[in-house]
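Structural features, examined
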Amino acid sequence: MKTLHFYLTREVFSTLLMTVAVFTFVLLLGSVLKEILALLVNRQATPGIVLQAVALLIPFVLAFALPMGMLTATLLVFGRFSADQELTAVRAGGISLVSLVTPILLLSAGLSLVCGLINLEIAPQCRVAYKNLLFRVGLEQSTTLLPEDRFVDDIPGCIIYVRKREGNDLRDVRFYRIEGDQIVTRVSAERGQIIVDQASAKMRLLLENTIVEQRLSRDKKLKDSPPAEEETHTDANGVAHRRLFAPFWRTSPFPETKSEEHEWKSLLQDAFEPEPLDLKRTAQTQRKPKLSELSFSQLRAEVKKLETQGVDTTPAIVQLHRQIAFSFASLGFTLIGIPLGIRAHRRETSAGVALALILVLIYYSFFVLGQAWQARPEFAPHLILWLPNFLFQAVGAVLLWQANRVG
């Protein structure tokens, strides 16, 4: 039995090394072509900087390559094991499938621990160092004024969060106006645009489909109230709030190029300072990491800080759960890869790789969906990130039990 366990573990481990190397190379190549190649073309980087950037990318890429490699290894090894009738011979000797694959399951559990260490600490630190390296050579200077996926609190009197930014187009914007230690106005918008004066480092925001909530204890009234749906409520502290559902909002008056803009220009003029937001401090300070680049301990500290400020912490909580949930990918992939490899009954490497890619796409689609909704707390996006683990582990356990009964 020990000889059989050693043989099967050796086969899986050697195949794992090969598949991880392949996936690491492919993922590294994508990052190199996307970002580092631009540095070489523009003569902004030396070979030493390129090698340093590639080295910093490896831990970040390994977080994805290890689970994918484990899935592909189990599909290939058990597919060959079944196709060569070795599994039939083992069963004829009175050995159950569960006892046969126990070392492989322990290997996947150990790999999950390694992935956890990488996801929670090593990969975020290397990713930050990599981005800072690119920042120093000027690749990201055009987007430092308002980066995506980060709570920007460098601007006095406000906090801004943007989930996605493409050039000057924004998606899922959260804007908080702060006076003292209290949030006096909250604005959420599905879409927006920024207009930046590069000479003065001043910014104006143009937001659409907004929800505006303002504390009424300041004894201020909205001028030129728009024809928008409005509701008023009182919180637990007895402070009244006004909530507006407005199709258009700006931080300060813009040139009146359209009659509609003139109609809306005073919507929140009392609640917000008429001057544009000053981003000079943000542009001059060192680049701060995105939420997706923070380690587990840093994310927990960020969540506590935002909770004390009364800011919606859902984006940070989603990243926190993503790091933990993604660490269990290897275990789920192994549980489902063993029975599927036996059922496939194929020796061809291409068939195993193709099946692995399909399963990986299904698994990561949940993470893409959860992160796309990280600015929508009503959808509980942090729970969506755990669905692929539960799904793969449950389906894998059932398939493994059925395959064990067949034997």
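Read on for a plain summary of the structure.

Conventions used here
- Residues numbered from 1 in each chain as written.
- Predicted model: local features only at pLDDT ≥ 70, side-chain atom pairs only at ≥ 80, totals over all residues.
- Heavy atoms only, no water.
- Helix = DSSP H or I, 4+ residues; strand = E, 2+ residues; numbered from the N terminus.
- Buried < 20%, exposed > 50% of the residue type's maximum accessible area, 1.4 Å probe, protein only.
- Contact = heavy atoms within 4.5 Å.
- Areas by Shrake-Rupley, 256 points an atom, 1.4 Å probe, with all protein chains shown as cover.
- Core = buried A, V, L, I, M, F, W, Y, C linked by side-chain atoms within 4.5 Å.
- Pairing = 2+ DSSP bridges.
- Phe/Tyr/Trp six-rings, centres within 6.5 Å; stacked < 30°, edge-to-face > 60°.
- Lys NZ or Arg CZ within 6 Å of the ring centre and 35° of its normal.
- Patch = residues over 30% accessible without salt bridge, like charges linked within 9 Å, V, L, I, M, F, W, Y side chains within 5 Å.
- Salt bridge = Lys/Arg side-chain N within 4 Å of Asp/Glu carboxyl O.
- Axes fitted to C-alpha atoms, helices over the stretch in contact; angles between N-to-C directions.
- Parallel < 35°, antiparallel > 145°, perpendicular 65-115°, else oblique.
- Left-handed = near helix turned anticlockwise from the far one by under 90°.
- Nonpolar A, V, L, I, M, F, W, Y, C, P; charged D, E, K, R; others polar.

A tally of helices and strands in the protein chain yields 12 helices and eight strands. The proportion of buried residues among the 407 residues of the protein chain is 47%. Pairs at least 24 residues apart make up 69% of the contacts formed inside the protein chain by residues separated by at least 6 positions. Carbon together with sulfur atoms contributes 59% to the accessible area of the protein chain, which is approximately 19800 Å² in total.

The subject of this paragraph is the environment of Ile195. By the element assignment, Ile195 lies in strand E4 (residues 182–197). Spatially, the C-alpha atom of Ile195 lies 7.9 Å from that of Leu206, the residues being 11 residues apart in sequence.

The biggest cluster of nonpolar side chains holds 49 residues, and the ones touching the most others in it are Leu71, Phe78, Leu97, Leu100 and Tyr363. Mapped by element, the contributors of at least two residues to this core are helix H1 (2–41), helix H2 (47–83), helix H3 (86–92), helix H4 (97–136), helix H8 (314–326), helix H9 (329–344), helix H10 (349–372) and helix H12 (387–406). For this core, the element with the highest residue contribution is H2, accounting for 11 residues. Contacts of Leu97, omitting those with residues within four sequence positions, involve Leu87, Arg91, Ile342, Leu400, Ala403 and Asn404. In this structure, Tyr176, Leu299, Val311 and Ala316 belong to the second largest nonpolar core, which totals 15 residues.

Turning our attention to the pairing of strand E2 (residues 158–166). Consecutive side chains along a regular strand alternate between the two faces of the sheet. In terms of burial, E2 is largely enclosed, as seven of its nine residues are buried. Two elements, E2 and strand E3 (residues 169–179), share eight bridges in a ladder whose sense is antiparallel. By the bridge assignment for E3, Cys158 is matched with Arg177. Count of turn residues in the E2/E3 antiparallel hairpin: two residues, of which Gly167 carries a positive phi of about 65°.

A full pass over the atoms with the stated rule returns 15 aromatic pairs. With a centroid separation of 5.7 Å and 65° between ring planes, the pair formed by Phe60 and Phe64 is classed as edge-to-face. Taken together, the residues span about one helical turn, with Phe60 and Phe64 both in helix H2 at a distance of four residues. Residue classification places Phe60 among the partly exposed positions, given a relative accessible area of 25%. The ring centre of Phe60 lies 4.3 Å from the NZ or CZ of Arg127, which sits over that ring.

Together, Met18, Val22, Phe25, Val26, Leu29, Leu33 and Leu37 make up a nonpolar patch on the protein surface, roughly 660 Å² of accessible area in all. Along the chain, the position of Leu29 falls in helix H1.

The next point concerns the pattern of salt bridges. Tallying each qualifying case throughout the model produces four salt bridges. One salt bridge in this structure joins Glu11 and Arg80, with 3.9 Å as the shortest N-O distance. One end of the pair, Glu11, is in helix H1; the other, Arg80, is in helix H2, and 69 residues separate them in sequence.

This part is about the packing of helix H7 (residues 296–309) against H8. The geometry of H7 relative to H8 is characterised by a closest axis approach of 9 Å and an angle of 155° between their N-to-C directions. Classed by the angle they form, the pair H7 and H8 counts as roughly antiparallel. Considering the relative orientation of H7 and H8, their crossing is left-handed. Each of Phe296, Leu299, Arg300 and Val303 in H7 lies in contact with H8, whose residues at this interface are Ala316, Ile317, Gln319, Leu320, Gln323 and Ile324. Split by residue class, the contact of H7 with H8 holds seven nonpolar, two polar and one charged.

Here we take up unusual backbone geometry. Not every positive phi belongs to a glycine, and Asp172 is a case in point at roughly 55°. Mapping Asp172 onto the fold places it in strand E3. A positive phi angle, close to 50°, is found at Ala380, a residue other than glycine. Within the secondary structure layout, Ala380 lies in the loop between H10 and helix H11 (381–384). Ala380 gets classed as partly exposed once you look at its relative accessible area, which sits at 22%.

Attention now moves to the packing of H4 against H8. The contact between H4 and H8 brings their axes to 9 Å, and the two run at 115°. With respect to their mutual orientation, H4 and H8 come out roughly perpendicular. When H4 is examined against H8, the residues Asn119, Leu120 and Pro124 are found in contact with a partner set consisting of Gln323, Ile324 and Phe326. Looking at side-chain class alone, the contact of H4 with H8 contains four nonpolar, two polar and no charged residues.

Read these as layout, nothing more, since geometry by itself doesn't imply function.
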